[in-house]
Amino acid sequence: MKKISRRGFLKIGMGTIAVASLPLSLKILKPGEARAAIEKSNVRWGFLVNTYKCVGCGTCVKACKLENEVPYDTPVTRTWVERYVITKDGRVLIDTPNGARDGFIDKKVMGEEVDDSNIEKAFFVPKLCNQCKNPPCVQVCPVGATYQTSEGIVLVDRTWCIGCGYCIMACPYGVRFFHPVYKTAEKCTFCNHRLAKGMKTACVDACPFGARQVGNLKDPNDPITKIILTERVGVLRSEYGTEPQVYYIGLDENVR
Amino acid sequence: MTELIVHGAEWTTKELFVFPNEFIYWSIQIVMYPFMTGLVAGAFVLSSLYHVFGIKELKDMARFALVFSFALLFAAPMPIVLHLQHPFKGINVFMTPHFTSAIAAFGIVFFTYGAIVASELWFLYRRHFVEVSLALREKQDKTLVEQIKYLIFCTLTLGSYDVSEAAQHRDEKAIKILAGVGIPVACFLHGYAGFIFGSVKANALWMTPLMPVIFIMSAIVSGIALCMLTYIIVMEIRKIMIRSRRSPYSMTVEEVKGAEVSIIRMTAKYLLLFMVLAITLELLDLVFRGYTAVKHWDILRTVIYERDFYSIFVLQYTFGNLVPFIMFLLPGLTIRRAIVGLCLVLMGVFMMRWNVVIGGQSFSLTLAGYMHYHMPIVPHDFETLKEGFVGAFAIFAMPFVLFWIISKVFPIFSYKESH
C-alpha cells in the first residue's frame with residue numbers, strides 16, 4: 001500500500017470536503033422563482049397620502065392591526081396617525097395616542113388643552129413604511145432576512161430574522177419594531193398579500209375619506225401616478241437619501 | 001393568557017413626542033459588546049508592541065496580554081448573542097453573510113482575528129507543549145489526570161516535535177509576522193464595531209466617520225488598562241503564594257514587587273499616550289458638532305449638556321479621563337495608585353460606550369422627544385435576565401474565568417526562558 005504523508009492526507013481531505021459540499025451550497029430554484037429573480041417587474045407600488053383629507057379617525061390603524069395580526073393592545077403598530085397643533089405663539093404640539101388606533105378622543109395634546117382661538121393651524125399626518133427605493137434597513141440586515149421585492153416592497157422573512165434590531169435602528173422613519181409574538185422585525189408591507197390578489201391595502205380600504213391611496217408608479221395612467229407627476233407633493237426626510245415612495249399632499253415643515 | 005410584552009417597552013419611558021414604535025431596542029448588552037471587543041483589541045495591540053516594535057520592557061506584559069486577549073476573544077461575541085431575540089438563530093450570520101451589513105462582517109473578521117491569536121499563541125508556546133508531552137511520554141504508569149494531560153498536550157503540539165535552534169528561530173519569525181498582521185486586524189475588528197454605529201445615518205449622535213477611530217483608541221486604552229489591572233492582581237496572588245511558601249517559583253517577594261512596579265510604570269506610559277489620542281478625538285467630535293450646529297444639534301445639545309451631563313461630563317470625562325490622567329502623570333507611580341487609576345479608566349471607557357449606545361437612543365427620531373433607559377437590575381423573566389445587569393455582569397466575569405482555565409495550558413510566568 002502506498003504510504004500517504006500527513007500533508008498529503010490533509011490536502012486530499014480538504015479537497016474532498018470542498019467538492020462534496022458544493023451541491024449543498026447551490027439552491028435549486030423553482031421555474032417561477034427563477035423567472036421572478038431575473039425578470040424586471042412592470043409594477044412599482046407607491047403610496048399617496050392626502051393630509052387635507054385625513055380627519056384622524058384612526059380607522060386605518062385599526063384595520064391594519066386586525067388585517068396584519070399585530071397584537072391589538074400593544075403600543076406597536078405598522079401604521080399610525082400623528083396630530084399636529086401649531087399655536088399662535090409658535091409652539092408645535094404633536095401626539096399620537098396609541099398610534100391613533102382609537103382616533104383622537106381627547107382634546108389634550110401633550111397633556112395640554114389648547115384653546116381653539118389660540119390655534120394657528122392643526123392637521124393630521126398618517127405614517128407608514130415608505131418602501132424606500134434605497135432602503136437602509138435592507139442594507140444593514142446581517143442575514144439578508146429583510147429584502148426588497150421586484151415590485152419595490154420591503155419584506156421580512158420571519159423564519160430567518162435573528163432579531164438583532166439593526167434594521168429598526170437604521171430606519172429614519174421609526175416604522176419598524178419587534179413583533180410581540182414572533183419576536184422578529186416587523187413592518188408595513190403595503191399589505192403585499194392583498195395587492196397580489198388585486199385588492200387595495202387594508203388601510204386604503206378602511207379610510208372613509210380617501211386620504212390614503214395605493215398605486216403602481218410605473219403605470220402613467222394610474223390615478224396616483226398622475227397626481228404625483230402633475231401636482232406638488234412631498235416626501236419625508238429626503239435628506240437621508242432613502243428615496244421614499246410614500247408621497248404626501250399638503251406636507252407641512254413641522255412634520256417629523 | 002399572559003400579557004404580551006413589546007421588546008424594549010419594559011425598560012423605556014418616553015417623554016414628549018416619540019414615534020409609537022420607538023423604544024430603547026439596543027440595551028446594556030450592546031453597551032457590553034463594544035466594551036468587550038475593545039478589551040480584546042486593546043490587549044492584542046499591547047502584546048504586539050513587544051513582538052513587532054521590539055519594546056523590550058513590555059516582554060513580560062506581552063505574553064500575559066496575548067493569553068488574556070485569547071480569553072477575552074471568547075467573551076466578545078457573547079453580548080450580541082444574548083441580545084438577539086432569537087439567540088439560536090445567531091448562526092445564520094455565518095450561513096448567509098449579507099455583505100452590505102456591518103454586523104455580517106463580524107463572522108469573517110472575528111474568525112480571522114481568532115485564527116491569528118490562536119496561531120500566535122501556538123508558536124509562542126510550542127516548545128512548552130513539546131517539553132510537557134515528551135516528559136509525560138517517558139513517565140511510567142501515569143495517573144488518569146496525567147493521561148488526560150498527556151493527550152491534551154500531544155494534540156496541542158500538532159505533531160511537530162522539532163525544538164531545535166533553527167526551528168525556534170522560525171517560530172519567532174512567525175510570531176513577529178502574526179503580531180504584525182494582527183494589529184491591523186485587531187484595529188479592524190474594533191473599528192468596524194464603531195462602524196456599526198457610525199454608519200447608522202438615522203441616528204444623529206452616532207453618524208460620524210470619526211466613530212470607528214474613536215472606538216479603536218478607547219479600545220486600546222481599555223485593553224491596556226485591563227491587562228495592567230489583571231497583571232497586578234496576578235502578581236499580588238503570586239506574592240501571597242510566595243509568602244505562604246506554596247509557590248513553585250524561586251523568586252522572593254521583593255523581586256516580584258520590583259518587577260511589578262517597573263512593568264506597570266512602563267505600560268502606564270503607553271496607556272497615557274493612547275488616552276491622549278482617545279480624548280482628543282472625542283472632544284474634536286463634540287466641538288465639531290457644536291460648531292457646525294446642524295438641524296439635530298438642538299436636541300443633541302439638550303441630551304449632552306443637560307440630560308446626560310452627569311454620565312458624560314462627570315463620570316466619563318472627569319472621573320474616567322481627567323482624574324486617572326493626572327494620577328498616572330504624577331511621578332512615583334505606586335501600585336495602589338495604579339489600581340485606583342486603572343479602575344477609573346475602565347469605568348470611563350465603559351461610560352463612553354454607555355453614552356454612545358444608550359445616549360444615542362435617549363432622543364427620538366422625531367427630534368422632539370426623549371427616551372429614558374432603566375436597566376433591569378433584579379430579573380423577573382428570561383429577557384430581563386439576559387438583557388439586564390445580571391447578563392452584563394456574567395459577560396464581564398466570563399473572560400476572567402476563561403483566563404484562569406486557559407492559563408493552565410498556557411503558563412504565563414513559570415515559562416521564563418524562551419523567546
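The structure presented is a predicted model; accordingly, all values stated were derived computationally and were not measured.

(A) Layout of the sheet that holds strand S3 (residues 92-95) of chain A. Residues and elements named next belong to chain A. Taken together, three strands build an open sheet; the order of strands is S3-S2-S4 and the sheet is antiparallel. The strands lining the two open edges of the sheet, one partner per strand, are S3 and strand S4 (119-127). Across the sheet, the axes of successive neighbouring strands diverge by a mean angle of 15 degrees, strand direction being ignored.

(B) Spatial organisation of the sheet that holds strand S9 (residues 212-216) of chain A. All names here are of chain A. Sheet architecture is open: three strands sit in the order S9-S1-S10, paired in mixed fashion. Bordering the open sheet on either side are S9 and strand S10 (246-249), each of which pairs with just one other strand. Shown here is a sheet whose adjacent strand axes are inclined to one another by a mean of 25 degrees, direction ignored. Relative to S9, strand S1 (residues 45-50) runs antiparallel, the two being bridged by five bridges. What sits directly across from Gly46, in S9, is Gly215.

(C) How the structure looks around unusual backbone geometry. Residue and element names in this part refer to chain A. We note that Asn98 has phi near 55 degrees; this positive angle belongs to a residue other than glycine. Note on placement: Asn98 falls in the loop between S3 and S4. Even without being glycine, Gln131 reaches a positive phi, approximately 40 degrees. Mapping Gln131 onto the fold places it in the loop between S4 and helix H4 (136-140). The class for Gln131 is buried, based on a relative accessible area of 0%.

(D) Summary view of the interface of chain B and chain A. Taken residue by residue, the interface counts 44 residues in chain B and 53 residues in chain A. The contact between chain B and chain A buries some 3,800 Å² in all, and 63% of this surface belongs to carbon and sulfur atoms. When the buried area of chain B at its contact with chain A is split by residue, B:Phe17, B:Asn21 and B:Lys201 rank highest and sum to 18% of it. Here A:Glu239 ties to B:Lys295 by a salt bridge, and the two come within 3.9 Å at their closest N and O atoms. Applying the counting rule to chain B against chain A returns 24 residue pairs in polar contact (both at pLDDT 80 or more). Looking at the side of chain B that touches chain A residue by residue, the classes come out as 26 nonpolar, 15 polar and three charged.

(E) Spotlight on the pattern of salt bridges. In the structure shown here, the tally under the stated rule is 23 salt bridges over all chains. Across the pair B:Arg289 and B:Asp285 runs a salt bridge, and its minimum N-O distance is 3.2 Å. Of this pair, B:Arg289 and B:Asp285 both sit in helix H9 (residues 253-292), four residues apart, which is roughly one turn of that helix. A single burial state applies to B:Arg289 and to B:Asp285, both of which are buried. Through salt bridges with shared partners, a single ionic network connects A:Glu67, A:Arg194 and A:Asp205.

(F) Broad picture of the confidence of the model for chain A. For chain A, per-residue confidence averages 93 on the pLDDT scale, and residues scoring 70 or more make up 95% of the total. For chain A, per-element mean pLDDT is lowest for helix H2 (residues 31-38) of chain A, which scores 69, and highest for S10(A), which scores 98.

(G) Quick peek at helix H14 (residues 389-409) of chain B. All names here are of chain B. If you check H14, its first and last C-alpha atoms are 32 Å apart, about what 21 residues at 1.5 Å a residue would give, namely 30 Å. Bending of H14 peaks at approximately 30 degrees at the position of Ala397, with proline Pro399 no more than four residues after it. Along H14, the positions that sit buried rather than exposed are Gly391, Ala392, Ile395, Pro399, Leu402, Phe403, Ile406 and Ser407.

(H) Here's a closer look at the packing of helix H2 (residues 59-75) of chain B against H14(B). Residue and element names in this part refer to chain B. Between H2 and H14, the shortest axis-to-axis distance is 8 Å and the interhelical angle comes to 130 degrees. In terms of orientation, H2 lies oblique with respect to H14. Note on packing geometry: the crossing formed by H2 with H14 is right-handed. Seen from H2, the contacting residues are Phe64, Val67, Phe68, Phe70, Ala71, Leu72, Phe74 and Ala75; seen from H14, they are Ile395, Met398, Pro399, Phe400, Leu402, Phe403 and Ile406. Taken together, the residues of the contact of H2 with H14 sort by class into 15 nonpolar, no polar and no charged.

(I) The arrangement of the nonpolar core in detail. In this structure, A:Phe190 and B:Trp26 are the most contacted members of the largest nonpolar core, which totals 202 residues. It is helix H8 (residues 211-243) of chain B that provides the largest number of residues to this core, a total of 18 residues. Setting aside chain neighbours within four positions, we find B:Trp26 in contact with A:Cys164, A:Gly165, A:Tyr166, A:Met169, B:His83, B:Ile196, B:Phe197, B:Trp206, B:Val357, B:Ile358 and B:Gln361. If you look at the next biggest cluster of nonpolar residues, it comprises six residues, including A:Leu48, A:Ile224, A:Ile228 and A:Ile249.

What counts, and at which threshold
Residues numbered from 1 in each chain as written. Chains lettered and ligands numbered in written order. Predicted model: local features only at pLDDT ≥ 70, side-chain atom pairs only at ≥ 80, totals over all residues. Heavy atoms only, no water. Pairing = 2+ DSSP bridges. Helix = DSSP H or I, 4+ residues; strand = E, 2+ residues; numbered from the N terminus. Axes fitted to C-alpha atoms, helices over the stretch in contact; angles between N-to-C directions. Buried < 20%, exposed > 50% of the residue type's maximum accessible area, 1.4 Å probe, protein only. Contact = heavy atoms within 4.5 Å. Buried area = accessible area lost by both parts, 1.4 Å probe. Salt bridge = Lys/Arg side-chain N within 4 Å of Asp/Glu carboxyl O. Polar contact = N/O pair within 3.5 Å; in protein donor to acceptor, adjacent residues only side chain to side chain. Nonpolar A, V, L, I, M, F, W, Y, C, P; charged D, E, K, R; others polar. pLDDT = per-residue confidence, 0-100. Expected span 1.5 Å × (residues − 1). Bend = angle between axes of the 7 residues up to and from the residue. Parallel < 35°, antiparallel > 145°, perpendicular 65-115°, else oblique. Left-handed = near helix turned anticlockwise from the far one by under 90°. Core = buried A, V, L, I, M, F, W, Y, C linked by side-chain atoms within 4.5 Å.

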